[in-house]
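Overview (structure and organization)
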Amino acid sequence: MRSSSQKNKANGVLEQPDCLFKHSGGALACMLNSEIGAVLAVMRRNVRWGVQYGADDEQLEHSLILSFKELRKKIFLWQSHWYTIDPVLYIQPFLDIIKSDETGAPITGVALSSIFKILNLQILDSRTVNVDNALHLIVDAVTSCRFEVTDPASEEVVLMKILQVLLACMKSQASSSLSNHHVCSIVNTCFRIVHQASSKSELLQRTSRHTMHELVRCIFLRLPYFDDGREEITHGGISPKIEVNCQVPVRLEVVSCDVKILICGINTLLQDGATVQNHSIKAELHIDGFGVVEYEKKESDDGDDGSLSANSSMMDPYGLPAAIEILHFLCSLLNVMENIEIGSTANPIAYDEDVPLFALGLINSAIELSGPSLGNHPKLLAMIQEDLFCNLMQFGLSMSPLILSTVCSIVLNLYHHLRTKLKLQLEAFISGVLSRVAQGKHGASYQQQEVAMEALIDFCRQPMFAADMYANYDCDTSCSNVFEAIATLLSRSAFPVSIPLSAINTLALDGLIALLESMAERIGSSASASGEYFQELTEYKPFWTLGCYDYEQPHHWVPFVRNMKNIKKKLVHGVEHFNTNPKKGLEILQELHLLPDKLDPKSVACFFRFTFGLDKNVIGDFLGSHDSFSIQVLQEFARTFDFKGMHLDVALRIFLETFRLPGESQKIHRVLEAFSESYYEQSPDIFVNKDAALLLSYSLIMLNTDQHNTQVKKKMSEEDFIRNNRKINGGNDLPKEFLSELYHSICENEISMVPDQIGSTAVLRRSHWTGLVHNAKQTTPYIASDGGSHLDYDMFAVLSGTAVAAVSVVFDHAEQDATLNSCIDGFLAIAKISASYNFGEVLNDMVVSLCKFTTLLHPSFSEKSLLYFGDDTKAKLATEAVFTLVNRYGDHIRSGWRNIVESILSLQKIGLLPPLVNDAADDLESLPLMDQTALSGTHSPTYQTAVMATSRKPSGIIGRFSLLLSLDAEQAATQPSEEQVAGRRRILQMIQNCHIDSIFAESKFLQAESLSQLVHALVTAAGSSLKGNISVEDEETSVFCLELLIAVTLNNRDRIMLLWQSVYEHIANVVQSIVMPCALVEKAVFGLLRICQRLLPYKENLTDELLKSLQLVLKLDARVADAYCEQITQEVMHLVKANAAQIRSHTGWRTIISLLSITARHPEASEAGFETLSYIMSDGAHLSPANYVLCISAARQFAESRVGQVDRSIKSLDLMADSVGCLSSWFRKTKEVASEEAVEMMSKDILEMWMRVIQGLKRVCLDQREVVRNHAIMALQRCSSGVDGIQVPTDMWLQFLDQVIFKLLDELVDMVVPRSLKDYRSMEVSMVLALKLLSKALLQSLQDISQSTAFSEIWLKVLRCLERFLNLRFRGKKSEKIHELIPELLKNTLLVMKTSGILVRSDPVAGDSFWEFTWLHVKNIAPSLQSEVFPEEELQEKQAISGCNPIPDGNTLVSPNQMAT
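Remember, it's a predicted structure, so these values are computed and weren't measured experimentally. (Residues numbered from 1 in each chain as written. Predicted model: local features only at pLDDT ≥ 70, side-chain atom pairs only at ≥ 80, totals over all residues. Heavy atoms only, no water.)

This brings us to the overall build of the protein. What the protein contains, in helices and strands, is 60 helices and 8 strands. Classification of the 1461 residues of the protein by burial places 56% in the buried group. Within the structure as shown, the protein displays about 61,900 Å² of accessible surface, and the carbon and sulfur contribution to it stands at 50%. (Helix = DSSP H or I, 4+ residues; strand = E, 2+ residues; numbered from the N terminus. Buried < 20%, exposed > 50% of the residue type's maximum accessible area, 1.4 Å probe, protein only. Areas by Shrake-Rupley, 256 points an atom, 1.4 Å probe, with all protein chains shown as cover.)

Right, let's talk about a negative patch on the surface for a bit. Together, Asp1122, Glu1126, Glu1164 and Glu1167 line one region of the surface with negative charge. With respect to the helices and strands, the residue Asp1122 is situated in helix H45 (residues 1118-1139). (Patch = residues over 30% accessible without salt bridge, like charges linked within 9 Å, V, L, I, M, F, W, Y side chains within 5 Å. Salt bridge = Lys/Arg side-chain N within 4 Å of Asp/Glu carboxyl O. Lys, Arg positive; Asp, Glu negative; His and termini not counted. Charge placed at Lys NZ, Arg CZ, Asp CG, Glu CD.)

On inspection of all chains with the given rule, the structure shows 32 salt bridges. Between Arg1119 and Asp1117 there is a salt bridge; the shortest N-O distance is 3.1 Å. Given a relative accessible area of 46%, Arg1119 falls into the partly exposed group. For Asp1117, a relative accessible area of 23% puts it in the partly exposed group. Linking Glu1200 and Arg1259 is a salt bridge whose minimum nitrogen-to-oxygen distance equals 3.7 Å. Here Arg1259 lies in helix H51 (residues 1236-1260) and Glu1200 lies in helix H48 (residues 1188-1200), a separation of 59 residues in the sequence. Classification of Arg1259 as partly exposed rests on a relative accessible area of 46%.

A few words now on the packing of helix H32 (residues 840-853) against helix H35 (residues 896-909). Closest axis-to-axis distance for the H32/H35 pair is 8 Å, and the angle between their directions is 25°. The angle between H32 and H35 places the two elements in the roughly parallel class. The chirality of how H32 crosses H35 is left-handed. Contact with H32, carried on its side by Asn844, Val847, Val848 and Cys851, involves Gly896, Asn899, Ile900 and Ser903 of H35 and no other residues of that element. Of the residues belonging to the contact of H32 with H35, the class tally is 4 nonpolar, 4 polar and no charged. (Axes fitted to C-alpha atoms, helices over the stretch in contact; angles between N-to-C directions. Parallel < 35°, antiparallel > 145°, perpendicular 65-115°, else oblique. Left-handed = near helix turned anticlockwise from the far one by under 90°. Contact = heavy atoms within 4.5 Å. Nonpolar A, V, L, I, M, F, W, Y, C, P; charged D, E, K, R; others polar.)

The next thing to look at is helix H37 (residues 978-993). End to end, H37 covers 23 Å across 16 residues, agreeing with the expected 22 Å (1.5 Å per residue, within 8%). For H37, the set of buried residues is Gly983, Arg984, Ile987, Leu988, Met990 and Ile991. Buried residues of H37, viewed axially, fall in a sector of 160°; they line one side. For H37, exposure combined with an orientation more than 90 degrees from the buried face picks out Glu978, Glu979 and Arg986. (Expected span 1.5 Å × (residues − 1). Arc of directions from axis to C-beta.)

Attention shifts here to unusual backbone geometry. A positive phi angle is found at Asn130, which is not glycine, with a value near 55°. Along the chain, Asn130 falls in the loop between helix H5 (105-120) and helix H6 (131-143). For Asp1179, which is not glycine, the phi torsion reads 55° and is therefore positive. Relative to the helices and strands, Asp1179 is located in the loop between helix H47 (1166-1177) and H48.

A few words on the nonpolar core. Membership of the largest hydrophobic core comes to 460 residues, with the highest contact counts inside it found for Ile138, Phe607, Phe608, Trp1250 and Trp1355. Per-element accounting of this core gives the leading share, 14 residues, to helix H53 (residues 1290-1312). (Core = buried A, V, L, I, M, F, W, Y, C linked by side-chain atoms within 4.5 Å.)

Note on placement: Ser834 falls in helix H31 (residues 817-836). Of note is the side chain of Ser834, whose polar atom sits 2.7 Å from the backbone oxygen of Ile830. Apart from residues lying up to four places away in sequence, Ser834 is in contact with Phe796, Phe839, Val842 and Leu843. (Polar contact = N/O pair within 3.5 Å; in protein donor to acceptor, adjacent residues only side chain to side chain.)

In this section: the confidence of the model for the protein. In the predicted model, the protein carries a mean pLDDT of 79, and 81% of its residues have values of at least 70. Note on residues 917-973: pLDDT under 50 across the span, and 112 contacts to partners over four residues away in sequence or across chains. With pLDDT under 50 throughout, residues 1443-1461 is counted as low confidence; its partners more than four residues away or in other chains account for 37 contacts. (pLDDT = per-residue confidence, 0-100.)

What follows concerns the packing of H47 against helix H49 (residues 1206-1218). If you want to describe how two helices pack, look at the angle between their axes and the distance between the axes. At a closest axis distance of 11 Å, the pairing of H47 and H49 adopts a crossing angle of 20°. As judged from the angle between their axes, H47 and H49 are roughly parallel. When you trace H47 past H49, the crossing you get is left-handed. Contacts from Ser1166, Glu1167, Phe1170, Ser1174 and Met1177 in H47 reach Arg1208, Lys1211, Ser1212, Leu1215 and Met1216 in H49. Residue classes in the contact of H47 with H49 are distributed as 4 nonpolar, 3 polar and 3 charged.

For any pair of aromatic rings, the description rests on two quantities: the centre-to-centre distance and the angle between the ring planes. Applying the stated criterion across every chain yields a total of 44 aromatic pairs. Judged by centre distance (5.9 Å) and plane angle (85°), the rings of Tyr551 and Phe560 are edge-to-face. With relative accessibility at 18%, the residue Tyr551 sits in the buried group. With a centroid separation of 5.0 Å and 80° between ring planes, the pair formed by Phe796 and Phe839 is classed as edge-to-face. Of this pair, Phe796 sits in helix H30 (residues 792-813) while Phe839 sits in the loop between H31 and H32, and the two are 43 residues apart along the sequence. (Phe/Tyr/Trp six-rings, centres within 6.5 Å; stacked < 30°, edge-to-face > 60°.)

Here the focus is the environment of Arg127. Residue placement: Arg127 occurs in the loop between H5 and H6. Exposure remark for Arg127: the relative accessible area of 57% places this residue in the exposed category. Along the sequence, Arg127 and Gln173 sit 46 residues apart, while their C-alpha atoms lie 9.5 Å from each other.

By secondary structure assignment, the location of Leu843 is in helix H32. Its relative accessible area of 0% is what places Leu843 among the buried residues. Residues Leu843 and Ala831 lie 12 residues apart in sequence; the distance between their C-alpha atoms is 5.8 Å. Apart from the residues lying within four places of it in its own chain, the contact partners of Leu843 are Ala831, Ser834, Tyr889, His892 and Ile893.

Written out as C-alpha cells, the structure is:
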C-alpha cells in the first residue's frame, strides 16, 4: 500500500499543512454545528419546512430537519474521539438535502456550501474512517442533485456550488479513494453544466469551463502513477460510459456525422426553468450546432454485461480506465468534423467553433500534464495515434485561425513528449497542414497563414526539431523531405513581395534564424563530420531492408542516415525518370545499383511499396498490365502488406491507397485477385477460400461506386448488399453482422479510387489516414537526436543557399530596427556555421552581400555622404556586421576579401579609419596598433611639399590614417555644425568598435589560402590606382594599401614564402613605374627595407631572396634615388648592423655592398654608407671570403671619393690594408681543420684576394690628393710582403712587380710632366715612396723570382726604371731626394743579390752575361757602386774560384745552394 503522501502526490494534490481542526474535536463539532444552523435557518424561512400536525394534533417535523437535530445532539459527544467516527454520520443529512427534490435552490446551495467547507478544510483525508464510502456518497449525491428552480440567479448559484464541490472532491487528499465510476460521473456532470451554462451568465460559463479544465488536470496529472494493470476495460456496456451511437460497431475511424453522445449513469438532468421529476426523464439539447447530445439513464439488471457490477474495474480506485474513458470522450467531441470538407468555398462561420475549441483545450491540458506518460499506456497511445491525430489533421485544415492555433499547440506538445511514437503522424501534420496552410493553399486566409507560420516557427525553436526532421524524414526513402520543405518554405515566405514587410515575411525570417541559431549553438557539442560517412553503392543491395544496428547511439545511426540520404538522392533521380518513362527509370535505377542488374518481381514490388514520390497513376498502370512480369510484380506487391487481424474493408483501403486502381475491368480483376490471395493467406479464418475474398472485395468496389457516385440516383440498400453476397463463401453465407458492418463502413467512408498524390488535396480522407496508421506500425524507429551536431553539416548544406538569399533580401527591404537586428543575428549565425563546416562559398557570398548594404562600395560614396551614412541604420549595422565577421571568421574568407578591402578603402578616403599600421614602431607585434600613433615616422620634404600643395588633408607617409575631429585651416570658412560634429564623432566611435585594425594585426592567424587572398586583394586594390594618370587620391589609396600589405607581411614572417612573390612583384611594379619622388615609391622602398630588416633574423633560408630584392633600389630612377639616398643608406646601415651575421652568401653581400658603393659620392649618404662599410671591415668583424672582394672594391671607391673629409679616404685605405690580416687568419683556420686539397684551394683564393687588395691600392696611389696618394703607396708597401703563411708563387710576384709596381712608377712619371713646381714638390714625396716600394717589393720577392727565366727581364726593368728616375728633371733640374735615394736603394739591392749568390762574375769565354749588363746599367746610375759592392781583392778571389756564370744563358740564375757547392 502506498503512503498518504504518495497518494496525494499521485493525485496531483500538493501537501498542505494540517488543518487547525485536526487536533481539536471540539472545534470540528462547533464548525459542523454552525453549518447545521445555517441550513436549518434557510429551511425555516419557507413555511413548507414548518411544524406540521398529525391526526392527533401531534407536532411532526420533516425528516430532513429531524436528521439535523439528531446530528446536533451527537456532534459534541464525538469531540473526544472524532477521528473514530464514520464521516457518513455527519455528512448524510447534508447529502439528503442535496438529493431531495423538495428543497429549493437556496437550501440546496447552503448544503452544498457545507459539504464544500468540509472538503476544503481537509477534514476528510486518507486516514479518515470509511472515507472512500463518504466520498462516493458525496459524488453520488452531488451528481444526482435535485432542487426546485425559483429564479435563474439561484439556479446558477447552485450550479456553481456543484462545480465547487465536485472539484473539491478531486482535489481532496482522499481523492485517491474515488472509483473510476465516480470520476467519470464527476466529469459527466461538469460537462452537463458546461452545456447548461451556454444559456446562462458569462460567469457560470467561465466557471464551468474552468472547472472542467481543473478536473482534467487533476486526473491526468496522476497518469504517471497509474498502474498498467488497471487498463483492462472495453468501450462497450460500461456505465458511466461515453460512446458513439452508430448502426455499426464503434471504431475510432468510422464515425457518423450525425453524432450522439450517450452519457450514462446520470441520475438527474438539469433543465432550464424546470424541476426534474424522476430518473427516466430524457431531454435533447442542441450543442452549438454540432448535432444532438442525448443524456439518459441506462437501467440494467444485476448480472447484465453492461452493469457496473459486471466490470469491477470501474469500481476500483480511479486510474487508467477513467483516463481512457475521459480521453475517448474528449476525442469523440471532435468527431463531428468528420468528412466536413474545408476548402476555398467553405464559409468560415458555417459552424460554431466553441465545442471543438473547448474539447481541444481540454485535450491540450491532458497532454501537457501527462506528458510522456501517455506513451507508456498502449490504449491511450493508440487513441492519440489514430483517432486524435486524425481529428487534429481535420481541424488543422478548418477555416478558424483560433482552432488552428489550438491544434498546433496540441501537436507541439505531442512532439515534445511523444515524437518517438508519432513519426508518420507528425510528418503528415507538418506536410499536410502546417506547410499547406502557411503557403496559403486551398483558400487559407492570411490569418490562417500567419497562425500556421507561427506554429512552424515554434517547432523550429525546439532545439532538436531540425535534426529530428532531417534524420527521420529527409534520410528515409519512404518519407518526404520535411526539413528541406520547411527550409524552402521559410526562405520563400521570407522574400517580400511588397514594402513594407508583411507579418509572414518577418515570421518566416524568425523561423530561418531559429534554425540557424540552433545549429550555431550546437557547434562543438559533438563531432560532426563533413558528410563523408556514406559509402558509394558499388553493388545492389535492397535499400528497403537496410537498418541500423542501434538507433540510440550516434556513432551507429549517423552513418546509417547519411548512407540512406545518399541512397535517397539517387532514388529521387530514378523516380523522376520513372514517373515520365517507367522503362527508362528502371534502367537508371539499375545503373545506380538500386535495383538488381536482372530485374526480379520482388525487388520491383518493394521499390513500388517503399519509395516515396512515385506517381500512383504510373504504378497502377504498371501493376494492371497483362504481361507476365507485371503480374508477378503485382503478386509480390500484394504480399508486402501485413493484413493480419485486419477487417477486409480496412485492408482494401490500405492496399488501394498506394496506387491508382486502373479503370479497365480486367485490370481491376487482376489487382483484386492479387489482393484477395494475399488477404486470404494472412486471414484464413473469415473466408473458406481466396475466391470468397475476391468476390466480396469486388462487391465492395461496386458498393463504393454505387454509394459515392453522384450519377447513380438509386442507391443500394443494406438488404440489397447482403442479398448480393449470398452463398459466396464456399456456398455458404457470410455472417449478416459482418456484411452489415462492411456496408456501413463503405457508405460512411468512401474508398478513394484515385488516391491522393502528395499535397494535392485539402481534405484528409479516412482511407488515407487508415493507411498511414498501418504504415506507422511498420516504419523504421524514430531517431531521437541527443543534442549533438551530428547532422548539422548536411542540414546546413540544404539550408545555406536559400537562407543567405532570404536574409539578404529581407535586410534590404526591412525598415524596422528589430527586423534589421534579426537579420544581423542570422548573418552571424550563418557565418559561424559556414566557418565551422568550411562552407567558404556561403561565407564569401554573405560578405559580398553585407558589403553592398554598407553603401561603402557605391561609386558616389564620398565625404559628402558622411551625414547620410551616419543616419543610415542599415548601413551602420551592415558595416559592424561585416567587420565582425571578418574578425571572427576571416580564416574562411576567400574572394570576399576584395569587397572587404574596398570597403576599408572607402572609409580611408573620407578619413574615418583609426591608425591601422605603424612602420616606425620597433616591433609591430609588441604594441597595440591603436596606440602607435605617436610612433609615426617623419615625412620626406619632397612629399610634404607635394601634399601641402593639394587641398586635401595631409596623410602620413608611414601609417597615419585617422581623421581628427578638428577641421583643416582651409575649411575654416565652412565650419560644421555641432550636430554634424557629434554625428561624425558617433561614426568614428562605431568604426572604432569595428576593430578594423585587428584584421591586419591578427592576420598571422589566418589560414594560408585566406591570407593569400587577402594579400591578393590588397595588391589588386593598390595596383588599380597605378593605372593611367595617378591622382593625389589614388596615390593615397596606393600608399594605404601598401602599408597594409607591409603590415600583413611583417605579421606573417613565419609564412613569408606564401606572400613574398606577390609582395615583391607589387613593390617592383611601384619602383619601376614611378620616375619622380613621391610618397608611394618612398613607402615601397622603405617598406621593402623594413621587411628585410624584420625578416632576416628569422628566415636564414630566405636571406638571399630578401637581399636580392633590394636590387630594386638600384633600379630606381636617378631622381628618385637621389631624393631618398640618405634615408635608404640609413636603413641599409640598420639592416647590416642588425643582421650582418645572417648574411653569408656572395649574392646577398653583393646587393648590400652595391648599395653602399653608390653612396661613396653622395654628399648626404656617404657618411652613413662609410659607417656601414667600416662596421663590416673593421678588425675583420664581418669580413668573409663571400664579401671580401666586394668590400675592398667599395673601400677603394670611398678612398677615391672626394666627398667628405680626406680622413675618410685615409680610413678607407687603412681598412683595405688591414684586411690582409684576415686573409692570414682564414688560411690558418682552414689549415687546421681542412684537407690538403682544401688548403691548397683556399690558398689560391686568398692570394687572388690579396692581389685584388694590391690592385685596389695601386689605383688610389695615383690620386690627385697628396695625402691620399702617399698613404695609398704606404698601404701598398704594407701589403707587399704577401700573406703570412702562404708562399706567393713566382708568377704572382712577377705580376705584382710588372703590373703594379712598374706601372705605378710609369704613371707617376707621366703625372709629373704637366704639373707645376708646387705639384712637383708633392709628387716628389710620392715618387720617393714609390721607389722605396719598388726596392722592398724586389727584395721581398728576390729569392722566388731569381729562379724564374723572366728574372733577367725584370731586373733589367728595375735598372732602367732607376736610371729613368735618376735622370728625371723638373723644369730642367734633377730631384735631389731621388738622386740621393736611388744609389742607396740600388746598393742595398746589389748587396742582397751578392749575398744571395745571384750576382757573381761570369766566365769571360761565355761572352755578354747577367753580370755584364748589370754593371753596365749600374755605371750609368752610380759608377762607384761596383767597387763598393765588390772590392778588387774580393773580385779576384771570386774569379779564381768560380768557373761558370751563375746565369749561363743570360736567362737563368744559379741557385744559392749551387753557388755554395
